[in-house]
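Secondary and tertiary structure notes
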Amino acid sequence: VAGPHGGVQSETPLAFLHRMMNGTSLEAKPLKFAYSRLTSLLRTLQVSNLDDFNALTDVADFVTLLSTYSEGIARFAIIMEPNGSAIPGASDPVIQLACLDASLAIAPLFKRFGSVVITSGTLSPIDLYPKLLQFEPRVSESLQMSTFRPCIRPLVVTRGSDQLAVSTKFDDRGDMGVVRNYGAMLVELCSSIPDGVVAFFTSYSYMENIISEWDGMGVLRQLTKHKLVFIETKDVVETTLALDNYRRACDSGRGAVFLSVARGKVSEGINFDRHYGRAVVMFGVPFQYTLSHVLRARLEYLQTHYQIREQDFLNFDALRQAAQCVGRVIRSKTDYGLMVFADSRYNRHDKRSKLPKWILQFLSDQYLNLSTDMALQHVRHFLRQMSQPIDQAALQSVLLTLEEVERMNPLIG
């Protein structure tokens, strides 16, 4: 495989192990126990500072997995990149053991338990999971959200106020018209939406580039007139501090916008409930980096063994990530929030139909193919609607009473 920094090799664990055994005096069987024996040795020696042995532990873990999964179907791939550094002139050889089969992780659960329930708000499209995880479901159901009011307002924005299509497609990514429209859209949204707004970008590099361009255009200066601006970085400590200050800005009434990345820390485990997230803006469709050697190996494996087409998996993965991001905004029955899908590709049925049912139930035709101006009208109408006092009787109608729960299961109590 020809990589950007020179020849990249990919081979099966069995081929790599065979080559390693021929070049050294090592045998395959003892390698299976390398990790457990090293752990036992460190414990016996009562080593206090285990961090000093992290590199050795990684090597032991690597050869244990390599030897354990060398037989049968190659469910791992060894990716060797002579120079994996993104810095020109820097030498940084990389060797990766990449798992190609997700079913390995969940197989012990299926073996140990007679009944396994897999539930999530982002299991969509649901029919792909049995193939990926290698099981036959007895019950497979995609459910709507039970709500007493239309508390979610998804909007698909396909063009800016100047009617220029907006997208993060590779061909359009550097278009200054798209960058300007995205900036103007965020400024307008922040001027109309109170409290917290979270914006997700498709990658760190794209976010850095667009923020740099916005700075030159004066977009960031306009943003700060309405809200304080916080940015996610690859540094966990910096991001945690930014999140704390973001919440303080929302609590104080100043309002804030948090610029973050799909597949990053913020998109996975952070909740933006209540006033911390009145809107989420998804700039683009968060596809994986398709030139990644690990991704290429996995796509080939899925095609060969499970007959899952490359484009089907990429679309499934990207829309699942998009749902993961926008789902940060709604966390309870009384919560409410806007979901802005800012990319013309979300207007295509084959894309948006892969979103979860609890989003699609609110995504009617009137919220599709919008310009920034049209979206702002829907935003203001939605916020006026949600500002009305909560109808407690309607709220109780979508909640189960204790007696109803007990009738559903006589064993309780």
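Being a predicted model, the structure only gives us computed values, none of them experimental. (Residues numbered from 1 in each chain as written. Predicted model: local features only at pLDDT ≥ 70, side-chain atom pairs only at ≥ 80, totals over all residues. Heavy atoms only, no water.)

As a further point, take the side chain of Gln324. Mapped onto the fold, Gln324 is located in helix H13 (residues 310-326). Dropping the residues within four chain positions of it, Gln324 is found in contact with Thr122, Ser267 and Glu268. (Helix = DSSP H or I, 4+ residues; strand = E, 2+ residues; numbered from the N terminus. Contact = heavy atoms within 4.5 Å.)

Counted under the stated rule, the structure contains 16 aromatic pairs. Seen from their ring centres, Tyr129 and Phe316 are 5.4 Å apart, and the 80° between their planes marks the pair as edge-to-face. Of the two residues, Tyr129 is situated in helix H6 (residues 129-133) and Phe316 in helix H13; the sequence distance between them amounts to 187 residues. One exposure class covers both Tyr129 and Phe316, and it is buried. Ring centres of Tyr182 and Phe283 lie 4.7 Å apart, and the angle between their planes is 65°; on these two criteria the pair is classed as edge-to-face. Here Tyr182, found in helix H7 (residues 176-192), pairs with Phe283, found in strand S10 (residues 279-283); they are 101 residues apart in sequence, far enough to count as distant. Judged by relative accessible area, Phe283 falls into the buried class, the value being 0%. Taken together, the ring pairs in this structure connect Tyr182, Phe201, Tyr206, Trp214 and Phe283 into an aromatic cluster. The cationic tip of Arg173 hangs over the ring face of Tyr206; the distance from NZ or CZ to the ring centre is 5.2 Å. (Phe/Tyr/Trp six-rings, centres within 6.5 Å; stacked < 30°, edge-to-face > 60°. Buried < 20%, exposed > 50% of the residue type's maximum accessible area, 1.4 Å probe, protein only. Lys NZ or Arg CZ within 6 Å of the ring centre and 35° of its normal.)

Taken together, Leu109, Phe113, Val116 and Ile118 make up a surface patch of nonpolar side chains, about 300 Å² in accessible area. Tracing the sequence through the fold places Ile118 in the loop between helix H5 (103-112) and H6. (Patch = residues over 30% accessible without salt bridge, like charges linked within 9 Å, V, L, I, M, F, W, Y side chains within 5 Å. Areas by Shrake-Rupley, 256 points an atom, 1.4 Å probe, with all protein chains shown as cover. Salt bridge = Lys/Arg side-chain N within 4 Å of Asp/Glu carboxyl O.)

The subject of this paragraph is the packing of H7 against helix H8 (residues 204-217). Contact geometry for H7 and H8: axes closest at 10 Å, N-to-C directions at 80°. Relative to H8, the element H7 lies roughly perpendicular. Where H7 abuts H8, its residues Met176, Val179, Arg180, Tyr182, Gly183 and Leu186 lie against Tyr206, Ile210, Glu213, Trp214 and Met217. Tallied by class, the residues present in the contact of H7 with H8 amount to 8 nonpolar, 1 polar and 2 charged. (Axes fitted to C-alpha atoms, helices over the stretch in contact; angles between N-to-C directions. Parallel < 35°, antiparallel > 145°, perpendicular 65-115°, else oblique. Nonpolar A, V, L, I, M, F, W, Y, C, P; charged D, E, K, R; others polar.)

In the predicted model, the protein chain carries a mean pLDDT of 90, and the fraction of residues at 70 or more is 96%. For residues 1-5, every residue scores under 50 in pLDDT, and the model assigns this stretch 11 contacts once sequence neighbours within four places are set aside. (pLDDT = per-residue confidence, 0-100.)

Next up on the list: the packing of helix H1 (residues 13-23) against helix H4 (residues 54-68). Interaxial distance between H1 and H4 falls to 9 Å at its minimum, and their mutual angle equals 115°. As far as their axial angle goes, H4 and H1 are roughly perpendicular. Between H1 and H4 lies a crossing whose hand is left-handed. Across the interface between the two elements, Pro13, Phe16, Leu17 and Met20 of H1 pack against Phe62, Leu66 and Ser67 of H4. (Left-handed = near helix turned anticlockwise from the far one by under 90°.)

With antiparallel pairing, 3 strands are arranged side by side in an open sheet as S3-S4-S5. Sheet topology places strand S3 (9-11) and strand S5 (94-99) at the edges, where each strand pairs with a single neighbour. Direction aside, neighbouring strands of the sheet carry axes that sit 20° apart on average. Against the sheet, H1 makes contact with S3, strand S4 (76-81) and S5, and its axis sits at roughly 60° relative to S4, the strand it touches most. (Pairing = 2+ DSSP bridges.)

Its place among the elements puts Leu368 in the loop between helix H15 (357-360) and strand S12 (370-371). When its relative accessible area of 12% is taken as the criterion, Leu368 is described as buried. Measuring from C-alpha to C-alpha, the distance between Leu368 and Leu155 comes to 6.4 Å, with 213 residues separating the pair along the chain. Contact partners of Leu368, with chain neighbours within four places excluded, come to Val156, Asn347, Arg352 and Leu363.

Next up on the list: the pairing of strand S11 (residues 337-342). In terms of burial, S11 is largely enclosed, as 6 of its 6 residues are buried. Bridging between strand S6 (residues 152-159) and S11 involves 6 bridges; their strand directions are parallel. When the bridges of S11 are listed, Val156 appears paired with Phe341. Relative to S11, S10 runs parallel, the two sharing 5 bridges. Bridged to Val281 within S11 is Val340.

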